[in-house]
Amino acid sequence: MKKLPFLVCVLIFGYAFLYIPIFSVIAYSFNDSTLMSHWGGFSLRWYQELFNDRQIREALLLSIQIAAVSATFATLLGTCAGLALARLRKFRGRRLFSMMIVAPLVMPEVITGLSLLVLFIALEKFAGWPAGRGATTITIAHITFSMAFVAVIVQARLAGQDQCLEEAAQDLGARPLSVLLDITLPLLTPAMLAGWLLAFTLSFDDLVISSFVTGPGANTLPIYIYSQVKLGVQPDINALATMIIAIVALGVTLSAWLIRVRERRIECQTRY
Amino acid sequence: MKPFIQFDDVSKHFGDFAAVDRVSLDIEEGEFFSILGGSGCGKTTLLRILAGFEELSSGRMLIDGEDMSGIPAHRRPVNMMFQSYALFPHMNVAKNIAYGLKQDGLEPADIDARVTRILDLVQMSEFAQRKPRQLSGGQQQRVALARALVKQPKVLLLDEPLAALDKKLRQNTQFELANIQQKTGITFVLVTHDQEEAMMLSSRIAVMNRGQFSQVGTPSEIYENPQNRFTADFIGSINLFEGNVAALAETMMTVSVPAIDECLTAPAIPDVNIGDPVCLAIRPEKIWISRQAPDTEGNTILTGEVVDQGYFGNLSVYRVRLPSGDMVQVSTQNRVRSTERAIQREDEVFIHWECTSAVVLKE
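Since the structure is predicted, the reported quantities are computational estimates derived from the model, not experimental observations.

Draft legend 1. The overall build of chain A, seen in detail. The helix and strand inventory of chain A stands at 11 helices and 0 strands. Ordered by position from the N terminus, the helices and strands of chain A form the series α-α-α-α-α-α-α-α-α-α-α. Here chain A has a C-alpha radius of gyration of 23 Å; the compact-globule value for 272 residues is 19 Å, and the former is much larger. Relative to its 272 residues, chain A shows a buried fraction of 32%. Put simply, 69% of the contacts in chain A that link residues at least 6 apart link residues at least 24 apart.

Draft legend 2. Representation of the pairing of strand β8 (residues 187–192) of chain B within the structure. All names here are of chain B. Within β8, 6 of the 6 residues are buried, which leaves the element mostly enclosed by the surrounding structure. Burial along β8 is two-sided: the residues T187, V189 and V191 and F188, L190 and T192 are all buried. Bridge count between strand β3 (residues 32–36) and β8: 5 bridges; the pairing is parallel. Directly across from F33, in β8, lies its bridge partner V189. Here strand β7 (residues 155–159) runs beside β8; their pairing, made up of 5 bridges, is parallel. Residue L158 lies in a different strand from β8, and its bridge partner there is L190. The parallel pair β7 and β8 is bridged by helix α5 (residues 167–184), and the resulting crossover is right-handed.

Draft legend 3. Representation of the domain arrangement of chain B in the model. Residues and elements named next belong to chain B. According to the domain assignment, chain B consists of domain 1 (5–227) and domain 2 (237–361). Averaged C-alpha coordinates put domain 1 and domain 2 at centres separated by 39 Å. Domain 1 puts 5 residues into the contact, and the matching count from domain 2 is 5 residues. With both sides pooled, the region where domain 1 packs onto domain 2 buries about 460 Å², and carbon together with sulfur makes up 48% of that total. Ranking the residues of domain 1 by area buried against domain 2 places Y223, E224 and P226 at the top, with a combined share of 86%. Between domain 1 and domain 2 we count 1 salt bridge in total. For E224, the salt bridge is made with K286, and the minimal N-O distance between the two is 3.1 Å. Our count for the contact surface shared by domain 1 and domain 2 stands at 3 residue pairs in polar contact (both at pLDDT 80 or more). Across the side of domain 1 that touches domain 2, the residue classes tally to 3 nonpolar, 1 polar and 1 charged.

Draft legend 4. Geometry of the side chain of K151 of chain B. With respect to the helices and strands, K151 of chain B occurs in the loop between α4 (137–149) and β7. For K151 of chain B, a relative accessible area of 16% translates into the label buried. A polar side-chain atom of K151 of chain B sits 2.6 Å from the main-chain carbonyl oxygen of L172 of chain A. Filtering out sequence-adjacent residues up to four positions away, K151 of chain B remains in contact with L172 and G173 of chain A together with N79, G100, L101, D104 and R114 of chain B.

Draft legend 5. Region of the structure containing the sheet that holds strand β9 (residues 204–209) of chain B. Residues and elements named next belong to chain B. Across the sheet, 6 strands lie side by side as β6-β7-β8-β3-β9-β10; this open sheet has mixed pairing. Among the strands making up the open sheet, the edge pair consists of β6 (78–81) and β10 (212–217). Adjacent strand axes in the sheet meet at a mean angle of 20 degrees when their direction is disregarded. Sheet strands in contact with α4 are β6, β7 and β8, and its direction is about 175 degrees off that of β6. In this fold α5 packs onto β3, β7 and β8, with an angle of close to 155 degrees to the strand it touches most, β8.

Draft legend 6. How the structure looks around the interface of chain A and chain B. On the chain B side, the residues contacting the 24 residues of chain A number 26 residues. Of the roughly 2200 Å² buried between chain A and chain B, counting both surfaces, carbon and sulfur atoms make up 57%. In this assembly, chain A and chain B are joined by 1 salt bridge. Taking the shortest distance from any N to any O, the salt bridge between R48 of chain B and E167 of chain A comes out at 2.7 Å. Applying the counting criterion to the chain A and chain B interface returns 6 residue pairs in polar contact (both at pLDDT 80 or more). When contributions to the side of chain A that touches chain B are tallied by element, the ones reaching two or more residues are α7 (164–171), α8 (176–205) and α11 (235–270) of chain A. Looking at side-chain class alone, the side of chain A that touches chain B contains 13 nonpolar, 5 polar and 6 charged residues.

What counts and what doesn't
Residues numbered from 1 in each chain as written. Chains lettered and ligands numbered in written order. Predicted model: local features only at pLDDT ≥ 70, side-chain atom pairs only at ≥ 80, totals over all residues. Heavy atoms only, no water. Helix = DSSP H or I, 4+ residues; strand = E, 2+ residues; numbered from the N terminus. Rg over C-alpha atoms; globule rule 2.2 N^0.38 Å. Buried < 20%, exposed > 50% of the residue type's maximum accessible area, 1.4 Å probe, protein only. Contact = heavy atoms within 4.5 Å. Pairing = 2+ DSSP bridges. Right-handed = clockwise from strand over helix to strand, strands pointing away. Domains from an automatic or database assignment. Buried area = accessible area lost by both parts, 1.4 Å probe. Salt bridge = Lys/Arg side-chain N within 4 Å of Asp/Glu carboxyl O. Polar contact = N/O pair within 3.5 Å; in protein donor to acceptor, adjacent residues only side chain to side chain. Nonpolar A, V, L, I, M, F, W, Y, C, P; charged D, E, K, R; others polar. Axes fitted to C-alpha atoms, helices over the stretch in contact; angles between N-to-C directions.

Right, dumping it as structure tokens:
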């Protein structure tokens, strides 16, 4: 029992380290003063300003749009890659391919961003597409790096899943395409959903790669926030951050609750 | 009559390892055939070759006279019941069973009728709407069986179908399996490591060892007339005495066993010469054990000391040490109801058997 106070201290310190920055943003979003260093009383004025700020609204919409489109494509491509890696018969160089798919995960973002920029410039010069840089190039760039995450999730899920389900379907007369549509994909749905959510978050967050491949006028939310902060922290950014935190927290709580409810339902059914 | 399933010099290599090594086998239509062996002996590979999940490295495999090479699993007239049952977790029982019929493009009404009938056969009608995870192991096993049977395949393959059930349920299910096989007349090919299961269910058994058949025959042939040491040792328990052929007569032969300094007599086997190294085998239940000297003529009689005894309720098993130090296992039926054992540990005993009970093995 002597150890307990020490452990509690460590725990408190750890959580404080994680959450104090977040809470300070939340606190200052309700600060009536324009100065970060001065507490001028409680106010909702920054929220009001935020809603009146056209640029922020546009940046938010653009970010959501890019995140949704790139997550969808990344899920499609990543699922294909994951399926191929998990289910193709052993071939020479398979390990190399497996390692190559995870390389983008550990590649420094600066390098990914730079190489994509070089590629887009060359493509524009020789193929004429994509013309200029903007939302399209950001979307393509986000698909490129987030599909690797989806592929890894899908591959892990398939590796954990017994292949005999697919063999059983085949044995019952299902052709390869039917096996994929009837058995493999339905069982893969949770992994694909998780992959989509991760890809969405990665895209929504991304600043480094986006700033390499963006063009005039295409400001995603992170790019906008970063450019504003460079000019000095505007308190309405705090309000924006608080709202994003609230939405994320709500989402996490909701998904955790959904999972628990489903588990409980399954438990009840098994007990009849 | 032409055999229904034919393995013709079939091999399957994984890299340098021969999982199945030049196997030939004929299975007749309507047989309940078992492939019996320890883990890694190649029995499951053989079953997967039948199902179409493994391609042959060499040789030919025919079902109903048709060469199966190049025919993918989904076009073969066989269905398989998987060891893990492989029920589709996102479909209910009825949909699981109907899946194979749907692939054949049957009318919905026809599918329903056949699903209802097969559910009735495996006594699972009331569970049609349940998901697999809501069923017990035994129920899942029935659904898996129904799903494989409903397509009325020419051959049903069973991969350790009862391994996951507890002993009591397993015994009941064994009777049911035998029943269903007789009712449907489908050729069953069963893979198992459980010799009792194979003995009870099968019309014939192939004992497999290191990718090859050690012996193929009816359960009683394999038990009473093992042709080699592996089969003798793998099926049931057996006592083996190493020795050389000492004398050969028309019906009987004598084997000198240097270890126990005795000459033992057994029925003669063909193609041996005096002096050949052989092995004399005798099953524990064919040996009598007593504290008094038996007054039988012509039996093989040995003496020894009981070093161990095991009580199994219906039988007792004794381990007897011969003066040479060799151990002999003897088992007796406990016909008399008594908690007092007549023979105790450290008793000096006589063991004896009829000479015709012993078998001489060449390899």
